[in-house]
Amino acid sequence: MDVSKLAGVLTGTAFAIGVLYNIGYFTAIDLQLFPLLSYKDHLETLVFFVPVTVVPMLFCMWLRAHPERKRVADRAVIALAGGTVTAWVERDEMAWSAAFSGILMTVVFLTSFLVIAYCASIILENLLKLDEGRAEEQWRAIAFSGLGLLTFVTLFGNARGHLDSEGSRFDTNITLTGEDHARLDTRPARLMRAIDGGLLLVFKDTPDRLAYIRYETVRSIAESLHP
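Keep in mind it's a predicted model, so treat the numbers as computed, not measured.

### A look at the packing of aromatic side chains
And step 1. This structure, assessed with the given rule, holds nine aromatic pairs.
And step 2. Each ring, one from Phe 113 and one from Phe 156, has its centre 5.8 Å from the other, and the planes form 40°; the classification is tilted. Taken together, the residues span a long stretch of sequence, with Phe 113 in helix α5 (residues 98-128) and Phe 156 in helix α6 (residues 135-165) at a distance of 43 residues. For the pair Phe 113 and Phe 156, a shared accessibility class is recorded, and that class is buried.
And step 3. Put simply, the rings of Tyr 21, Tyr 25, Phe 26, Phe 34, Phe 49, Phe 109, Phe 113 and Phe 156 touch in pairs and so form one group of aromatic residues.
And step 4. Above the face of the Trp 62 ring, Arg 69 is positioned so that its terminal group lies 4.2 Å from the ring centre.
And step 5. Cation over ring: Arg 187 sits above Phe 203, and NZ or CZ is 3.7 Å from the ring centre.

Given below as structure tokens:
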């Protein structure tokens, strides 16, 4: 195994995960805003995403350590993946109310995360135990799991984008400087996401519009302190 080539593949895959998550996220809100992101935003996605995935991934590896558990887990995850894709595709027909739509997207968000963790565990398991006698089979498993990982990362980001855009809380006060930098304007808002160049948020007085505010126009940000 060429370690340098493997490191290059893993690095490229890791960056692709950040990019695809953000593509899914902005597909849910407005894909035209995607060019606002820089490479730092894609890397930042990994910084927060990877640590959260470690424990579920290790649990999945423990499940797969026993042949019988592995068979049951494989079938369960295939069924879970199919159900997740179906719920996402048919969400408009299945959701008879805004409240149920939010619940449905929360379920898609959670189940897609579980599928991501399982696919990652298969990749890591096969990379750690590459066997020359089963190399072709193992690389096939890595390829299929990698495809599943990238697909559900995109779906995961899309579900997150829907949940962020459909929220109802406006617990952040944004103070903006006026055009003459003297007049101050404070407005309650829901902060959706901070990116490299500014903030994506929804103001309470215009709840149906997504706003992009550059950092240099923000005087202060005040949020409630949650114990």
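### A closer look at the pattern of salt bridges
It is possible for side chains of opposite charge to pair when their charged atoms get near one another.
And step 1. Evaluated as defined, the whole model comprises eight salt bridges.
And step 2. Notably, a salt bridge pairs Glu 136 with Arg 140, separated by 3.4 Å at the nearest N-O pair. Within this pair, Glu 136 and its partner Arg 140 are both found in helix α6, separated by four residues, close to a single helical turn.
And step 3. By relative accessible area, Glu 136 is classed as exposed at 62%.
And step 4. A relative accessible area of 41% places Arg 140 in the partly exposed class.
And step 5. Arg 187 is the partner of Asp 205 in a salt bridge, and the nearest nitrogen-oxygen pair spans 2.9 Å. Pair noted here: Asp 205 is in the loop between β3 (198-203) and β4 (211-214) and Arg 187 is in strand β2 (residues 184-194), with a separation of 18 residues, a long-range link.
And step 6. One salt-bridge network, held together by shared partners, links Arg 64, Asp 74 and Glu 125.

### Looking at the side chain of Gln 138
And step 1. The topology assignment puts Gln 138 in helix α6.
And step 2. When its relative accessible area of 2% is taken as the criterion, Gln 138 is described as buried.
And step 3. Once residues lying within four places of it in the same chain are set aside, the contact partners of Gln 138 are Asn 126, Lys 129, Leu 130 and Asp 131.

Criteria and cut-off values
- Residues numbered from 1 in each chain as written.
- Predicted model: local features only at pLDDT ≥ 70, side-chain atom pairs only at ≥ 80, totals over all residues.
- Heavy atoms only, no water.
- Phe/Tyr/Trp six-rings, centres within 6.5 Å; stacked < 30°, edge-to-face > 60°.
- Helix = DSSP H or I, 4+ residues; strand = E, 2+ residues; numbered from the N terminus.
- Buried < 20%, exposed > 50% of the residue type's maximum accessible area, 1.4 Å probe, protein only.
- Lys NZ or Arg CZ within 6 Å of the ring centre and 35° of its normal.
- Salt bridge = Lys/Arg side-chain N within 4 Å of Asp/Glu carboxyl O.
- Contact = heavy atoms within 4.5 Å.

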